[in-house]
Amino acid sequence: MSNRLKMQNSPYLLQHADNPVDWFPWCAEAFEKAKREDKPVFVSIGYSTCHWCHVMAHESFEDAKTAELLNKYFVSVKVDREERPDLDSVYLSVCQAFTGSGGWPMSIFMTAQQKPFFAGTYFPPESRYGMPGFSELLRIVAQKWQTGREQLLESADGILAALTAEREYKSVLPPDRAADLILDAVDLFSQRFDRVNGGFGPAPKFPIPHNLIFLMLYAKRNVQARPLRQALVTLRQMRKGGIFDQIGYGFSRYSTDARFLVPHFEKMLYDNALLILAYTVAFRVSGEREFLTTAAQTADYVLGEMTGEGGAFYSAQDADSDGEEGRYYVFSQEEICRVIGAEKGMAYCRHFGITKEGNFEGKSIPNLLHADRADPAIESAFEEERKRLYDYRKTRTKLHLDDKILTSWNGLMVCALSYLYRASGQARYLDAAKKAQAWAGRHLTDGRTLYAGWRNGVPFSYGFLDDYAYETLALLALYGADGDPAHLERAKEICLEAMEQFEDAKGGYFLSGAKNESLWMRPKETYDGALPSGNSVLAYCLVRLSQLTQHPRFQDAAQKQLAFLSRQAAHDPSGYTVFLIALLYEEDPPEKITVVLANGDTAGDILPKLPLDADLTVLSHETDSYKLFHGKTTYYVCQNFTCHPPVNQLEPFYQQA
């Protein structure tokens, strides 16, 4: 049978269109039915590449007896968290309030008025792992709804009051303490650093690349060896580990162990975009070529497997194939030798840690953790074999691709490619960034109004704060890469629209704006988790726009946002690293460099020689103000409020490793 989800466009909702559960999408009709029939509402929130969402779907939502309970006693609603980040944010806070943690699949029980009275994540079909079975839970909730509803409603009111009060909480931080947050964060990372395996804290280990970027930028600006070493060690370990796909490139979601060996095999666009940025920055601050190689390999993975015909970027690849997590990625020695030959196969296995015993459920995840350092020369010797294994792997089984295009994640990838172009001088990365941005301009916006995403020719949902913040970030990065003033003008437009739609007069910006659906709670996210918060990214954008335009509106907004986030970050500054990056830029603005190209030189030739974070203007010919010096490519450098005479070499100002 099919249910109401068959008419939806979301890959996640469509995965559940043939469940025996009488699912509704999030809509007024569902809550009207619940009110009319006096039933509670069960809301299940997830996304299409979520492993445990698949597990619960197979165990419970595809089960006829469980579906009978849901259909009899509840109105059931499915939500794609990537299409509706506002709902996800609101009910994730509810789940955390009930359980102390949150994740997906998220299971919320609520009234027809959308007030939650119970929440959790994954529930097994029968009681185990110390958790109630899902069918048992449904019976208990249904009975309580009939016989103890007053208690349930008191719970709903209590949660609502607590979360509303928490949203209004403000910590107190003197203005002169704001800069100390940077030092506090560096110290906190140092305390958590795993000196043996890299990363911070115990397993599971998430990359959180913006934390590493913060440490590297801080170390570069303050000549501090320890935070730089922590970031570089972590990046090297991740590249050597199974979290990096040694055959097809790109990074998985996180590592389940401390060594970065066994990943959760799902690949997300935003992780890979942020890691391209992190490895690009690592190359520029260290001069180690292997970091640039990793950034380029990761970009090539995205361009090869997660890019649509129009140039925009898809959301994710699943961890599961044929119902098994990781099956697509693991190999046995016998299989390797069968594909590339016995002699070369055994050499490949020795190099990439593929053993007879295996390191993951009897098979092996290719990795380089047994080596002191990844050796590009040795790896290149296996390049032909890598390609053969890659082609073979694609015929062995397939991965589900979530092919929706999200505005915020697309913008993050445009930003990453723009910086990779600046570091490498490879025009194909700039071309890909510009192509994706042009696609977004045609499909993800209506004037100054953004949509949250697009799939199958249809945009969906008015954009949220993150969409506007990340789109502004993308445009600023493109402007820094090619100097086209149209990018800067568009960045100003989108940022101003964000300020109009999402600003809270009390400070900061709400996740949902004037054009979004009104919910019982209006979330305001400030913490930088797996993705930087819209508030942090907007703080960075406001600082950069204030520096680039000198416009009072951006200057005032930047100061106000920095002050707001300083208060929010006081309790745990290590959770606000993109805001701290904005503070670094505010305290130490980038150099301004104007380059006049001599005949025969191109922007791609000179960009890798320039600071990655400098404000650049590249001129293809002389002007009245900017002339060639000695007939060669000439650099005009302004830093620390001083403009210097033109030079043909940057060594007096910037020493590139």
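Not measured: the values here are computed from a predicted model.

Some words on the overall build of the chain
Helix and strand counts for the chain stand at 24 helices and 20 strands. Going through the 657 residues of the chain one by one, you find that 59% of them count as buried. Once local pairs closer than 6 in sequence are excluded, the contacts in the chain between residues at least 24 apart make up 67%. Carbon and sulfur atoms make up 51% of the accessible area of the chain, which amounts to about 26,500 Å² in all. Averaged over its 70 positive side-chain charges, the chain has a centre that lies 1 Å from the centre of its 84 negative ones.

Considering the sheet that holds strand β17 (residues 592-596)
Within a sheet, adjacent strands bond to each other through the backbone by hydrogen bonds, running parallel or antiparallel. Strands sit in the order β18-β17-β19-β20 across an open sheet of four strands; the sheet is mixed. The outermost strands of the open sheet, each flanked by one partner alone, are β18 (615-619) and β20 (642-643). Here β17 runs beside β18; their pairing, made up of five bridges, is parallel. By the bridge assignment, Val-595 is partnered in β18 with Val-618.

Some words on the nonpolar core
Proteins that are soluble and globular tend to have nonpolar side chains buried together. With 154 residues, the main nonpolar core has Phe-134 and Phe-214 as its most contacted residues. One finds Ala-34, Val-43, Val-75 and Ile-108 within the second-largest nonpolar core, a separate group that totals 26 residues.

Describing helix α3 (residues 51-61)
Counting buried residues in α3 gives eight out of eleven residues, a clear majority hidden from the surface. If you check which residues of α3 are buried, you get His-51, Cys-53, His-54, Val-55, Met-56, Ala-57, Ser-60 and Phe-61.

Side note on helix α14 (residues 342-351)
Residues Gly-345, Tyr-348, Cys-349 and His-351 constitute the buried set of α14. Considered in projection along α14, the buried side chains sweep an arc of 165° and stay on one side of the axis. Exposed residues lying more than 90 degrees from the buried face of α14 are Ala-342, Glu-343 and Arg-350. Of the residues flanking the end of α14, it is Gly-353, one or two places downstream, whose phi is positive at about 65°.

Comments concerning the state of the cysteines
Applying the stated criterion across every chain, the model contains one disulfide. Across a sulfur-sulfur distance of 2.1 Å, Cys-638 and Cys-643 are joined as a disulfide pair. Of note, the bridge from Cys-638 to Cys-643 carries an S-S torsion of about 105° and is right-handed in sense. Take Cys-337: it sits in no disulfide, and the sulfur closest to it among the cysteines is that of Cys-349, at 5.1 Å.

Points about the sheet that holds strand β1 (residues 23-25)
Here five strands make up an open sheet; going across it, the order is β1-β3-β2-β4-β5 and the pairing mixed. For this open sheet the edge positions go to β1 and β5 (116-120), each flanked by a neighbour on one side alone. For this sheet, the mean angle separating the axes of adjacent strands, direction not counted, is 25°. Here strand β2 (residues 41-46) pairs with strand β3 (residues 75-80) via six bridges, running parallel.

Quick look at the pattern of salt bridges
Summed over the entire model, instances satisfying the criterion amount to 34 salt bridges. A salt bridge links Arg-81 to Asp-88, with the nearest nitrogen and oxygen atoms 3.2 Å apart. There is no split in this pair, since Arg-81 and Asp-88 are both buried. Between Lys-205 and Asp-194 there is a salt bridge, and its shortest N-O distance comes to 2.8 Å. Of the two residues, Lys-205 is situated in the loop between α8 (180-192) and α9 (209-222) and Asp-194 in the loop between α8 and α9; the sequence distance between them amounts to eleven residues. Per residue, the accessibility class of Lys-205 equals that of Asp-194, and both read buried. One network of salt bridges, in which partners are shared, links Asp-80, Glu-82, Asp-402 and Lys-404.

Considering the packing of aromatic side chains
Applying the stated rule across the entire model yields 39 aromatic pairs. Ring centres of Phe-117 and Trp-145 lie 5.9 Å apart, and the angle between their planes is 25°; on these two criteria the pair is classed as stacked. In this pair, Phe-117 is assigned in strand β5 and Trp-145 in helix α6 (residues 134-147), connecting sequence segments 28 residues apart. Of the residues examined, Trp-145 reaches a relative accessible area of 6% and is grouped as buried. Put simply, the rings of Trp-23, Phe-42, Phe-61, Phe-74, Phe-98, Phe-109, Phe-118, Phe-123 and Phe-134 touch in pairs and so form one group of aromatic residues. Positioned above the aromatic ring of Trp-104, the side-chain terminus of Arg-81 is 3.8 Å from the ring centre.

Describing the environment of Phe-265
Mapped onto the elements, Phe-265 comes out in the loop between β7 (263-264) and β8 (267-268). Residue class for Phe-265 comes out buried when judged on its relative accessible area of 1%. Here the alpha-carbon distance between Phe-265 and Gly-310, two residues 45 residues apart in the chain, equals 27 Å. Look past the residues within four positions of Phe-265 in its chain and what remains in contact with it is Ser-252, Asp-318, Ala-319, Glu-325, Gly-326, Tyr-329, Val-330, Phe-360 and Ile-365.

Observations regarding the environment of Tyr-73
Within the secondary structure, Tyr-73 sits in helix α4 (residues 64-73). The spatial distance from the C-alpha of Tyr-73 to the C-alpha of Asp-38 is 9.4 Å, given a sequence separation of 35 residues. Among all residues touching Tyr-73, those that are not within four sequence positions of it are Lys-39, Pro-40 and Ala-142. At 3.4 Å, the side chain of Tyr-73 and the side chain of Lys-72 are in polar contact.

Side note on the packing of helix α10 (residues 225-240) against helix α12 (residues 289-305)
When two helices pack together, their arrangement is given by the angle between the helix axes and the distance between those axes. At a closest axis distance of 11 Å, the pairing of α10 and α12 adopts a crossing angle of 50°. Between α10 and α12, the crossing angle belongs to the class labelled oblique. Seen from above, α10 lies across α12 with left-handed handedness. From α10, Leu-232, Leu-235, Arg-236 and Arg-239 reach across to α12, where they touch Glu-290, Phe-291, Thr-294 and Gln-297. Across the contact of α10 with α12, the residue classes tally to three nonpolar, two polar and three charged.

Some points on unusual backbone geometry
Cis geometry is found at the peptide bond from Trp-104 to Pro-105, where omega equals 10°. Examined against the element boundaries, Pro-105 turns out to sit in the loop between α5 (85-99) and β4 (106-110). Cis peptide bonds are those with omega within 30 degrees of zero, and the linkage from Ala-203 to Pro-204 qualifies with -5°. By the secondary structure assignment, Pro-204 is in the loop between α8 and α9. For Asn-456, which is not a glycine, the phi torsion comes out positive at approximately 55°. As for its placement among the helices and strands, Asn-456 is situated in the loop between β15 (449-455) and β16 (458-462).

Considering the packing of helix α11 (residues 269-286) against helix α17 (residues 407-424)
Two numbers describe how α11 lies on α17: the axes approach to 9 Å, and their chain directions differ by 20°. With respect to α17, the axis of α11 lies roughly parallel. Crossing angle aside, the handedness with which α11 passes α17 is left-handed. Where α11 approaches α17, its residues Leu-269, Tyr-270, Ala-273, Leu-274, Ile-276, Leu-277, Thr-280, Phe-283 and Arg-284 are matched on the opposing element by Trp-409, Asn-410, Leu-412, Met-413, Cys-415, Ala-416, Tyr-419, Leu-420, Arg-422 and Ala-423. Residue classes in the contact of α11 with α17 are distributed as 15 nonpolar, two polar and two charged.

Definitions and cut-offs
Residues numbered from 1 in each chain as written. Predicted model: local features only at pLDDT ≥ 70, side-chain atom pairs only at ≥ 80, totals over all residues. Heavy atoms only, no water. Helix = DSSP H or I, 4+ residues; strand = E, 2+ residues; numbered from the N terminus. Buried < 20%, exposed > 50% of the residue type's maximum accessible area, 1.4 Å probe, protein only. Contact = heavy atoms within 4.5 Å. Areas by Shrake-Rupley, 256 points an atom, 1.4 Å probe, with all protein chains shown as cover. Lys, Arg positive; Asp, Glu negative; His and termini not counted. Charge placed at Lys NZ, Arg CZ, Asp CG, Glu CD. Pairing = 2+ DSSP bridges. Core = buried A, V, L, I, M, F, W, Y, C linked by side-chain atoms within 4.5 Å. Arc of directions from axis to C-beta. Disulfide = S-S within 2.5 Å. Axes fitted to C-alpha atoms, helices over the stretch in contact; angles between N-to-C directions. Salt bridge = Lys/Arg side-chain N within 4 Å of Asp/Glu carboxyl O. Phe/Tyr/Trp six-rings, centres within 6.5 Å; stacked < 30°, edge-to-face > 60°. Lys NZ or Arg CZ within 6 Å of the ring centre and 35° of its normal. Polar contact = N/O pair within 3.5 Å; in protein donor to acceptor, adjacent residues only side chain to side chain. Parallel < 35°, antiparallel > 145°, perpendicular 65-115°, else oblique. Left-handed = near helix turned anticlockwise from the far one by under 90°. Nonpolar A, V, L, I, M, F, W, Y, C, P; charged D, E, K, R; others polar.

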